[in-house]
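Listed here are the chains, written in short residue letters.
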Protein chains: 2
Amino acid sequence: MKGIVIAVFLFASFCCAQESGDFQPAATNVSGAVYPRVDSGSRAQFRVKAPDAAKVRLNFWSGPKVDMEKQPDGFFTVTTPPLAPGLHYYTLIIDGVEVSDPSSHSFYGGSKDASAIEIPEPGATYYLPQDVPHGQVREVWYHSSVTGDWRHALVYTPPGYDTATKMRYPVLYLQHGGGEDETGWIKQGHANFILDNLIAAGTAKPMIIVMANGYARRAGYTPPDLTGKSFGSPEMMKAMQEMAQVFEDDMTQVLIPYIDSNFRTVSDRDHRAMAGLSMGGMQTFQVTFDHLELFSDIGGFSGAAMQMMGGNRGLDPKVDLHGALADPEAFAKRVHLLWIGVGTEEPAMMHAGIERLHTSLDEAHIKHVFYESPGTAHEWQTWRRDLKDFAPRLFQQSSSKP
Amino acid sequence: MKGIVIAVFLFASFCCAQESGDFQPAATNVSGAVYPRVDSGSRAQFRVKAPDAAKVRLNFWSGPKVDMEKQPDGFFTVTTPPLAPGLHYYTLIIDGVEVSDPSSHSFYGGSKDASAIEIPEPGATYYLPQDVPHGQVREVWYHSSVTGDWRHALVYTPPGYDTATKMRYPVLYLQHGGGEDETGWIKQGHANFILDNLIAAGTAKPMIIVMANGYARRAGYTPPDLTGKSFGSPEMMKAMQEMAQVFEDDMTQVLIPYIDSNFRTVSDRDHRAMAGLSMGGMQTFQVTFDHLELFSDIGGFSGAAMQMMGGNRGLDPKVDLHGALADPEAFAKRVHLLWIGVGTEEPAMMHAGIERLHTSLDEAHIKHVFYESPGTAHEWQTWRRDLKDFAPRLFQQSSSKP
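Everything numeric here is computed off the predicted structure, so don't read it as measured data.

1. What about the sheet that holds strand S1 (residues 24-25) of chain A?
Residues and elements named next belong to chain A. In spatial order, the strands read S1-S2-S3-S7-S6; together these five strands make up an open sheet with antiparallel pairing. Each of the sheet's edge strands pairs with one partner strand only, and the pair in question is S1 and strand S6 (69-70). Examined bridge by bridge, strand S3 (residues 44-49) and strand S7 (residues 75-79) share five bridges and lie antiparallel to one another. Paired with valine 48 across the two strands is phenylalanine 76, which belongs to S7.

Here is the structure:
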């Protein structure tokens, strides 16, 4: 998207001008909340009544913290420069205390119920509710013999699912990122509206989407003490790998059979895909390459094979991923879609890792799709675009059933 | 919780206990958050790191604001006296700024995404997930010709709905209170678990529950400016009545036909009930008494006929509610269940209003159920208990179909 001004948080760029512009309450606000608001130039304006506070800061997770300016009327205000489109998580810091903004709806991210502001993308309606038939999003609970507890998942059923009772559908398993949960792809990602719109346009096949909780602990397991360990540290990576294994077991041994028993799926590998963002992308590569007998289509959104994420080496197609890539022709027959994507403004290590995976796959003559989201960071607009590009490519190789 | 633990986040950094007692993180916390926490004596303990703040207050909506005490380590702490069981909304006030607590999951109440703490009720499991079959909660979108936009509703389908494809079900329309929305009965109220448990016990008939958004604005309508008007003011009440009329039109002209077209309902008045809490109770009395051709069962949870809520007069059965109560015998034949409830600790006006309605109904020989929830206020534990008492009484007069 040429012409989109990227969010660069230069302190000097923040100004106190409030009078100009055509500001409207953000779509992410609770009903009736006037602030934060957004203008047609993608600037955001925040205003917090805090006459007794010494310092109020705005904490956009995708940029540096910004001091808001205290006005004579006791309000702290700030107007941002133009922001990238999409949903930006934020918190407020009131005299040093990081809190959520009760004027914003809450979104589970960063392991908290955080605030967020939606910046519209000019001309883009693919992730907004349109005058088209809408599918349902269902909360389901299933008992897991792997984790020993009841687990919560969301299931999107496409328009017409309840009336076309003879129809069976392919299934996409779609995973959230670290610090998020199974609600993310609906609340933040609008996956339901993206699919409603693609299906209405005839671009994507009607499909079921299953969004599971990506955290799983084996019954009786005591987690390691990760106090003080940073994200990406060896201890954290090891814990994530262990968690991913339990998640893999739950998904393959419990969740998939549950979905196939309780929804009208086509329960073979040609009609089963998996994708995920960030941590969910890593989980996707692990689960699918461990179980190619279950999946034919694979997507990594800003996250892929664990081997790619360390930043130390490229892919060794003869060895990595159980050698599934060793024979490119055999792989292309077996895996109908291998899709990886990244935003151009993501952190350098993330971008380089995904790009190196893409290069390694090219060098190994592995058929795949590489997608770059222009102007977006490690944020939901990247992943909404990923899904929009990914979903129409799914289940195209499979013979249509019924 | 009978061994049921939901979505355990691996990366929790559990800190050392600082006091005696058996405090545990509240069930309403986000995964990994250690505070707030609750002990077996129903005391709650809050702890907020705020070394730079001068004053931190805890704002329980059901009680007075409490100053938290600053400790030498920069944390503000407070331990409450024993609290009533159930879900208590709260916010934090950091140097005068009312904010949500990112350690708590958010619940839409008071027209904001607020924090809340769950105090377990000793021995009560009826509203907790148990080892029983679970229904689904579905998000649906329907286009309303009354409001001119797409409207969001939640629909609970009972266990077995998807497999018993010949079965048709009665429907309960269940409304949230003022400042809440259609998510309240699930997130705060656990209506799905309450029904799962009642159905598993054979106490309630399997039913569909529809939870609509109680705010509705006719297409093109400009709402009045209610700035500075208090809740309960004539202007606010008038606006609520107008909104209730649009809601009534949307419900009777659009939502009910939509539900009957898209779910396997028994679409007659004997198999259709409506109930609501507070504002939703008032809406229930308005909608059902305007449309007794559509409903046979009526419930008001801490809210009932608008006439009762002003506190000025009792019911005049010959005149009020379109005179539907004028002939007690005819009414008892027509309305199979008239149910009203209130918590003993609710505000005096609310309690007196509902009790006076009960007395008026008795004096007029109108068959009804009056339920008092002991020790609970205008809060969700009252309404959970209401639903537990109300739901088993539904659809008992109707001939079972099929």
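What follows picks up the thread again.
2. Re the relation of the copies chain B and chain A
Note on the identical chains: chain B maps onto chain A by a rotation of 180° and an axial translation of 0.0 Å, with an RMSD of 0.1 Å. Both chain copies can therefore be described as sitting about a two-fold axis. Minimal C-alpha separation from the rotation axis in chain B is found for arginine 138 of chain B, amounting to 2.1 Å. Here 80% of the interface residues in chain B have copies in chain A that are interface residues too; the copies meet face to matching face.

3. With respect to the interface of chain B and chain A
At the junction of the two partners, chain B supplies 51 residues and chain A supplies 55 residues. Taken over both partners, the interface formed by chain B and chain A buries close to 4500 Å², and the fraction arising from carbon and sulfur atoms is 59%. Our count for the chain B to chain A interface comes out at two salt bridges. Across the chain B-chain A interface, the total number found is 14 residue pairs in polar contact (both at pLDDT 80 or more). Sorting the residues of the side of chain B that touches chain A by element identifies strand S3 (44-49), strand S9 (97-99), strand S10 (106-109), strand S11 (112-119), strand S12 (136-143) and helix H2 (191-200) of chain B as the ones contributing at least two each. When residues of the side of chain B that touches chain A are assigned to their parent elements, the largest contribution, seven residues, is made by S12 of chain B. Class assignment for the residues of the side of chain B that touches chain A results in 25 nonpolar, 16 polar and 10 charged. Strand direction decides the pairing type here: strand S12 (residues 136-143) of chain A and S12 of chain B, joined by three bridges, are antiparallel. Directly across from arginine 138 of chain A, in S12 of chain B, lies its bridge partner arginine 138 of chain B.

4. Digging into the pairing of S3 of chain B
Every regular strand shows the same layout, with side chains that alternate between the two sheet faces. Residues and elements named next belong to chain B. With five of six residues buried, S3 is to be regarded as a mostly interior element. Direction of pairing for strand S2 (residues 37-38) relative to S3: antiparallel, over a ladder of two bridges. Along S3, the bridge assignment pairs valine 38 with alanine 44.

5. Quick word on the sheet that holds strand S7 (residues 75-79) of chain B
With respect to topology, five strands assemble into an open sheet ordered S1-S2-S3-S7-S6 (chain B), the strand pairing being antiparallel. Single-partner strands in this sheet number two, and they are strand S1 (24-25) and strand S6 (69-70) of chain B.

6. Brief notes about the pattern of salt bridges
Per the stated rule, a full pass over the model turns up 28 salt bridges over all chains. With a closest N to O distance of 3.2 Å, aspartate 250 of chain A and arginine 151 of chain A form a salt bridge. Pair noted here: aspartate 250 of chain A is in helix H3 (residues 234-262) and arginine 151 of chain A is in strand S13 (residues 150-157), with a separation of 99 residues, a long-range link. Neither aspartate 250 of chain A nor arginine 151 of chain A differs from the other in exposure class; each is buried. Linking aspartate 389 of chain A and arginine 393 of chain A is a salt bridge whose minimum nitrogen-to-oxygen distance equals 2.9 Å. Taken together, the shared-partner salt bridges in this structure form one network comprising Arg138 and Asp162 of chain A together with Arg138 and Asp162 of chain B.

7. Overview of the confidence of the model for chain A
Residues and elements named next belong to chain A. Looking at chain A as a whole, its pLDDT mean stands at 90, while 91% of the residues score no less than 70. Confidence drops under pLDDT 50 across residues 1-19; counting only partners more than four residues distant or on other chains, this segment forms 40 contacts. Reported confidences for the modelled complex are a pTM of 0.90 and an ipTM of 0.87.

8. A closer look at the packing of H3 of chain A against helix H4 (residues 279-290) of chain A
All names here are of chain A. For the pair H3 and H4, the least separation of the axes is 10 Å and the interaxial angle reads 55°. It follows from the interaxial angle that H3 and H4 lie oblique. As for how H3 packs across H4, the hand of that crossing is right-handed. Residues Met240, Gln241, Met243, Ala244, Gln245, Phe247, Glu248, Met251 and Thr252 of H3 form the contact with H4, whose own contacting residues are Met279, Met282, Gln283, Gln286, Val287 and Asp290. Taken together, the residues of the contact of H3 with H4 sort by class into eight nonpolar, five polar and two charged.

9. A short note on unusual backbone geometry
A cis geometry characterises the amide bond from tyrosine 35 of chain A onward to proline 36 of chain A, with omega recorded as -5°. Note on placement: proline 36 of chain A falls in the loop between S1 and strand S2 (37-38). The backbone of aspartate 95 of chain B shows a phi angle near 45°, a positive value even though the residue is not glycine. Along the chain, aspartate 95 of chain B turns up in the loop between strand S8 (86-94) and S9. You will see that phenylalanine 395 of chain B, though not glycine, has its phi angle at about 60°, which is positive. Residue placement: phenylalanine 395 of chain B occurs in the segment after helix H8 (380-390).

Here is what the cut-offs are and how they apply
- Residues numbered from 1 in each chain as written.
- Chains lettered and ligands numbered in written order.
- Predicted model: local features only at pLDDT ≥ 70, side-chain atom pairs only at ≥ 80, totals over all residues.
- Heavy atoms only, no water.
- Pairing = 2+ DSSP bridges.
- Helix = DSSP H or I, 4+ residues; strand = E, 2+ residues; numbered from the N terminus.
- Least-squares fit on C-alpha atoms with pLDDT ≥ 70 in both.
- Contact = heavy atoms within 4.5 Å.
- Buried area = accessible area lost by both parts, 1.4 Å probe.
- Salt bridge = Lys/Arg side-chain N within 4 Å of Asp/Glu carboxyl O.
- Polar contact = N/O pair within 3.5 Å; in protein donor to acceptor, adjacent residues only side chain to side chain.
- Nonpolar A, V, L, I, M, F, W, Y, C, P; charged D, E, K, R; others polar.
- Buried < 20%, exposed > 50% of the residue type's maximum accessible area, 1.4 Å probe, protein only.
- pLDDT = per-residue confidence, 0-100.
- Axes fitted to C-alpha atoms, helices over the stretch in contact; angles between N-to-C directions.
- Parallel < 35°, antiparallel > 145°, perpendicular 65-115°, else oblique.
- Left-handed = near helix turned anticlockwise from the far one by under 90°.

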